[in-house]
Amino acid sequence: MADSDFISLIHTLVHTGESALGQINVLTSRLQRDGVERSRATAERSLRLLEVLSVKTRGNLNASEAEALTNGVRSLREGLKELETVRVVT
């Protein structure tokens, strides 16, 4: 059974990163208000924390915990790539 505190930690870091990237509708204005650079830095910090968790917990997670962590890392990486694409085009 997944540790609910661990899953909550993953979701918190993913949510922070996604909101910084403007991927959460309620918080989209943060990206406009704080600017792309600050928002990107927040998302990158969340991604780095998730990557540290991934390395430090490798082999010690059950399937649902590992999946949540993998999906979170993937989501933020994709969001940061999209942000870079927007920055290059504009």
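Description of the structure in this document. For clarity, every value in this text was computed on a predicted model and none was experimentally measured.

## Re the nonpolar core
The biggest cluster of nonpolar side chains holds 17 residues, and the ones touching the most others in it are Ile10, Leu21, Leu50, Leu53 and Leu69. Those elements giving two or more residues to this core turn out to be α1 (4-20), α3 (36-57) and α4 (63-89). If we skip the residues at most four places from it in the chain, Leu69 touches Phe6, Ile10, Leu50, Leu53, Ser54, Thr57 and Leu61.

## Some details on α1
Look at α1: 24 Å from first C-alpha to last across 17 residues, which is about the 24 Å you get at 1.5 Å a residue. Here α1 has its buried residues at Phe6, Ile7, Ile10, Leu13, Val14, Gly17, Glu18, Ser19 and Ala20. Just downstream of α1 lies Gly22, where phi reads positive at about 80°.

## Overview of the pattern of salt bridges
Tallied over the entire structure, the rule returns 2 salt bridges. Glu44 is the salt-bridge partner of Arg40, the closest N and O atoms lying 2.9 Å from each other. Of this pair, Arg40 and Glu44 both sit in helix α3, 4 residues apart, which is roughly one turn of the helix. A salt bridge links Arg77 to Glu51; the nearest nitrogen and oxygen atoms lie 2.9 Å apart. Taken together, the positions of Arg77 in helix α4 and Glu51 in helix α3 put the pair 26 residues apart, joining distant regions of the chain. We classify Glu51 as partly exposed; its relative accessible area is 27%.

## A few points about α3
Over its 22 residues, α3 runs 31 Å from end to end, which matches the ideal 32 Å to within 8%, given 1.5 Å per residue. Within the span of α3, buried status applies to Ser39, Arg40, Thr42, Ala43, Ser46, Leu47, Leu50, Leu53 and Thr57. Down the axis of α3, the smallest arc covering the buried residues is 160°, so these residues share one side. Looking at α3, the residues exposed on the side facing more than 90 degrees away from the buried face are Arg38, Val55 and Lys56. Downstream of α3 by one or two residues, Gly59 has phi in the positive range, about 85°.

Conventions we followed
Along each chain, residues carry numbers from 1 onward, in the same order as the chain's sequence is written. In view of the model being predicted, local features appear only for residues whose pLDDT reaches at least 70, and side-chain atom pairs are presented and counted only at 80 or more, with totals across whole chains, interfaces and linings using the full set of residues. The side-chain numbers reported here are obtained from all heavy atoms of the structure, hydrogens and water having been left aside. What we call a nonpolar core is a set of buried Ala, Val, Leu, Ile, Met, Phe, Trp, Tyr and Cys residues that are connected through their side-chain atoms within 4.5 Å. We call a residue buried when its accessible area falls under 20% of the maximum for its residue type, exposed when it is over 50%, and partly exposed in between, using a 1.4 Å probe and counting protein chains only. Elements are defined by DSSP. Helices are runs of H or I of four residues or more, strands are runs of E of two residues or more, and each kind is numbered from the N terminus. Note on definitions: a residue-residue contact is assigned when non-hydrogen atoms from the two residues lie within 4.5 Å. Here the expected length of a helix is defined as 1.5 Å per residue gap, with one fewer gap than residues. We define a salt bridge as a contact between a side-chain nitrogen of Lys or Arg and a carboxyl oxygen of Asp or Glu at a distance within 4 Å. Along the arc lie the directions from the helix axis toward the C-beta atoms.

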